[in-house]
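If you want the building blocks of each chain, they are given just below.
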Amino acid sequence: MSTDATHADSESEAAEASAEPAAEPAGTAGPAESGRSRGGRTSAAGTALEKSLRVLEAVAAPGGPHRLTDVTAAASVPKSSTFRILASLVEQGFVRLEGESRYGVGPRLRELSARVSGGEPPSIGRILGELQRATGQTVHLALHSGQTITYIRKLEGDQPFQTASRVGMRMPLHTTAIGKSVLAHLPAEEVRALVRATGLPRRTPRTLTTAAALHTDLAAVRARGFALDDEENEATIRCIGAAVLGPGGRPLGGVSITTVTFLVSREELEAYAPALRAVTEALAPLL
């Protein structure tokens with residue numbers, strides 16, 4: 001199937017999910033929900049939790065990543081509810097959006113599974129912690145999801161201030177170091193499709209807002225092995241980022257080191273690049 005056809009298919013699927021009623025009528029329950037009440041009463045919170053758990057089980061079933069329609073059927077949850085649950089799980093890193101509207105197991109769920117099974121848990125936190133301690137700067141881990149990246153880990157730097165970013169926050173691809181490192185490893189047709197879809201909105205006077213400027217920058221990212229956000233997303237904030245690559249070189253997300261321009265020079269920041277690339281290579285099998 002062509003990229004355009006797959007993209008159109010996923011857009012239709014998402015639109016169909018969004019068009020469904022936002023909530024089910026009171027007092028109704030699907031087949032999978034029968035017998036789940038206590039004393040003849042059904043807890044709304046319990047029902048919501050049950051739906052989320054069934055969706056998570058469906059995503060983790062063999063043969064993934066799974067399409068939205070398949071997760072919906074396996075979980076016995078309305079498509080509109082499944083779509084909202086999956087969006088939340090992706091933001092929190094328990095589920096990962098792979099390709100066009102396919103959902104697979106995310107890094108936080110893999111960590112949890114390893115702990116429960118008694119095995120050695122993936123050391124994502126340890127690897128990121130070592131980078132933070134070595135640099136003294138703020139470190140982010142984000143996953144790629146459609147037209148954005150989503151932060152799933154943040155380790156604050158040693159400076160007496162905090163950046164505005166937070167876990168769960170979605171950020172543009174073309175303005176962030178992690179986002180540009182992801183774009184640099186995507187096929188050219190996907191990058192062109194993103195530019196058409198988003199229009200490259202300006203966030204600061206330094207944002208790259210033309211396709212030509214972005215493609216020139218992405219070529220530089222590939223040549224040096226890391227991306228630079230030089231106040232392109234937020235004034236006084238400068239970052240370097242590198243992609244975490246999956247099978248076939250597909251970018252799963254990335255890691256960034258974030259500094260403020262009035263304390264750390266560009267040259268000092270770029271000197272962290274070898275340590276950053278080593279971390280992304282170490283994280284690849286864990287993501």
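Quick look at the structure, then.

What counts, and at which threshold
- Residues numbered from 1 in each chain as written.
- Predicted model: local features only at pLDDT ≥ 70, side-chain atom pairs only at ≥ 80, totals over all residues.
- Heavy atoms only, no water.
- Pairing = 2+ DSSP bridges.
- Helix = DSSP H or I, 4+ residues; strand = E, 2+ residues; numbered from the N terminus.
- Contact = heavy atoms within 4.5 Å.
- Axes fitted to C-alpha atoms, helices over the stretch in contact; angles between N-to-C directions.
- Buried < 20%, exposed > 50% of the residue type's maximum accessible area, 1.4 Å probe, protein only.

1. Regarding the sheet that holds strand β1 (residues 66-67)
Ordered in space as β1-β3-β2, the three strands form an open sheet in which the pairing is antiparallel. The open sheet has two edge strands with one neighbour each: β1 and β2 (95-98). For β2 and strand β3 (residues 102-105), the ladder comprises four bridges, and the chain directions are antiparallel. Bridge pairing in β3 places Leu97 opposite Tyr103. Docked against the sheet, helix α4 (residues 79-91) engages β2 and β3, running at close to 105 degrees with respect to β2.

2. A word on the environment of Leu141
In this fold, Leu141 is placed in strand β4 (residues 138-145). A relative accessible area of 0% places Leu141 in the buried class. Residues Leu141 and Val255 lie 114 residues apart in sequence; the distance between their C-alpha atoms is 4.6 Å. When residues no more than four places from it in sequence are discounted, the contact partners of Leu141 are Ile124, Leu128, Thr150, Tyr151, Ile152, Arg153, Gly254, Val255, Leu283 and Leu287.

3. Description of the pairing of strand β9 (residues 251-260)
Most of β9 sits inside the fold, with ten of its ten residues counted as buried. Relative to β9, β4 runs antiparallel, the two being bridged by six bridges. Looking across to β9, one finds that Val139 is bridged to Ile257. Two strands pair when backbone bridges link them, and strand β8 (residues 237-245) and β9 are joined in this way by nine bridges, in the antiparallel orientation. Paired with Ala243 across the bridge in β9 is Gly254. Hairpin connection of β8 to β9: five residues between the antiparallel strands, including Gly248 at a positive phi of 75 degrees.

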